[in-house]
Amino acid sequence: MTETAVTAGAAPFTEQRRQARRRAAWRRRRLVLFLMSPWIVGFGVFFGYPLVMSVYLSFTHYDLLSSPKWIGWANYHYLFTEDPQVGPAVRNTLWLIAIMVPLQVLFAFGVAMMVARARRGVGFFRTVFYLPALAPPVAATMAFVYLLNPATGPVNVILGHLGISGPLWFQSAGWSKPSLTLLGIWGVGNLMIIFLAAILDAPDNRVQAFLGPGHVCTVVGYAEYEPLVLRYRVPIVVTGFEPVDMLEGILMTVEQLEAGEARLENQYRRVVTREGNRASVALIHEIFEVCDRKWRGVGAIPESGWRLREAYRDFDAERRFDVKTIETSESSVCISGEILRGLKKPHDCPAFGRDCTPDTPLGATMVSSEGACAAYFHYGRMAQPVITP
Ligand code: SF4
């Protein structure tokens, strides 16, 4: 097959795939928009509209009873030249921005780090730290006014028992801002959730880098991995299968991680090229088309599988034998999904080496020799301690 013929055969497929991706991207955008719509409406009605109206009303004289009268910059002139409260208000606001906001961020980040690393009671601690965010601001303020009441509040009562004279909190010019800071820190649940999501990213994923499959890349090349590296900021090193290849591939990923980088590298250069084997790729594209596929231990992933194109469907077992849906029944004890995400090790599985062996595999990771469970079995890693970060 000539180069021209190969390229001509691949072009329609590439276009088709691009269109499928575009459609999927639009579907995702519409879904995100739909899910965000209650927030967008709430933001527009309770924040956007009042904000615009406030700006407009600041240029008017308005007493709530009669219609606003346009007076230009007069309000601002009074504000900056005559109003005695502007200076202290600006100073207090700057103090809160400089002290309270960084403290809130640090506290929320610290709590998120601790909750993300907690081994037990994670749900409990997340709920405890998020609960204050659910309390209405007025109720939270009332609670703090009660707690920090200089005469009868529990905080000063406890301090009194310890021989410390409690401050006047909200009633003191010096302590009112720290009191407000305490109140602000108490409600960092929302901020903590954002940090937690950022730390965890894909909920509980602990995979930090990938060794790209050298045998697959020999055929299809490695250009397809480039968007993954950019999107997920995770190192991928295409690696061969000789022991020395594996060691070099691991070394290259560790070097990237230590340098804080996320790049796509090709350790298997003697075999793999970026484009792969073009003739084979063209043949694959000619015979197969992309489809959604369910993966054992992971679940359904859109556009992750191949099926025979219409012209070759007579060879398709699903059609030939009139099988409508093929469901793989997964063993209830199998934890291969968690193993694939780096959460657990094969010897954490109760079936490992007993009910599940390479001769009697229960899950995907015990089937082929490079699967994690099969490799652990073959090389005697039966009961190593699990070391997790
Ligand atoms: S040992 Fe078998 S059952 Fe257990 S996780 Fe591995 S493949 Fe699944």
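Everything that follows concerns the structure shown earlier in this document.
Conventions used here
Residues numbered from 1 in each chain as written. Predicted model: local features only at pLDDT ≥ 70, side-chain atom pairs only at ≥ 80, totals over all residues. Core = buried A, V, L, I, M, F, W, Y, C linked by C-beta atoms within 7 Å. Buried ≥ 20, exposed ≤ 12 C-beta atoms within 10 Å, placed from the backbone. Helix = DSSP H or I, 4+ residues; strand = E, 2+ residues; numbered from the N terminus. Contact = placed C-beta atoms within 7 Å. Near = placed C-beta within 6 Å. Nonpolar A, V, L, I, M, F, W, Y, C, P; charged D, E, K, R; others polar.

Visitor: How would you explain the nonpolar core if you had to name every residue and give the values?
Guide: In terms of nonpolar packing, the biggest core is built from 14 residues, with Ala351, Phe352, Cys356, Leu362, Met366 and Cys373 touching the most fellow members. Elements with a contribution of two residues or more to this core: α14 (336–340) and α16 (372–378). When residues in this core are grouped by element, the largest group, four residues, is from α16. The contact partners of Met366, leaving out residues within four places of it in the chain, are Cys356, Pro358, Pro361, Gly371, Cys373 and Ala374.

Visitor: Any chance you could break down the site of the ligand for me, citing the residues and the numbers?
Guide: Near the ligand, the surroundings consist of 17 residues, among which Cys334, Cys349, Cys356, Gly363 and Cys373 are the closest. Listed by contribution, the elements that provide at least two residues to the shell around the ligand are α14 and α15 (364–367). In terms of residue class, the shell around the ligand is built from 13 nonpolar, four polar and no charged.

Visitor: Before we move on, could you go through the environment of Ile236 and cite the residues and values that matter?
Guide: For Ile236, the location among the structural elements is in strand β4 (residues 236–239). It is 6.1 Å that separates the C-alpha atoms of Ile236 and Gly212, two residues lying 24 residues apart in sequence. Sequence-distant contacts of Ile236, that is, excluding residues within four places in its chain, are made with Phe210, Gly212, Tyr225, Leu228, Val229 and Leu264.

Visitor: Before we move on, could you go through unusual backbone geometry and cite the residues and values that matter?
Guide: We note that Leu64 has phi near 75°; this positive angle belongs to a residue other than glycine. Mapped onto the elements, Leu64 comes out in the loop between β1 (60–61) and β2 (69–70). Given 5 C-beta atoms within a 10 Å radius, Leu64 is considered exposed. Unlike most non-glycine residues, Trp169 shows phi in positive territory, near 50°. When you line up the elements, Trp169 lands in the loop between α6 (154–161) and α7 (176–186). For Trp169, a count of 21 C-beta atoms within 10 Å translates into the label buried.

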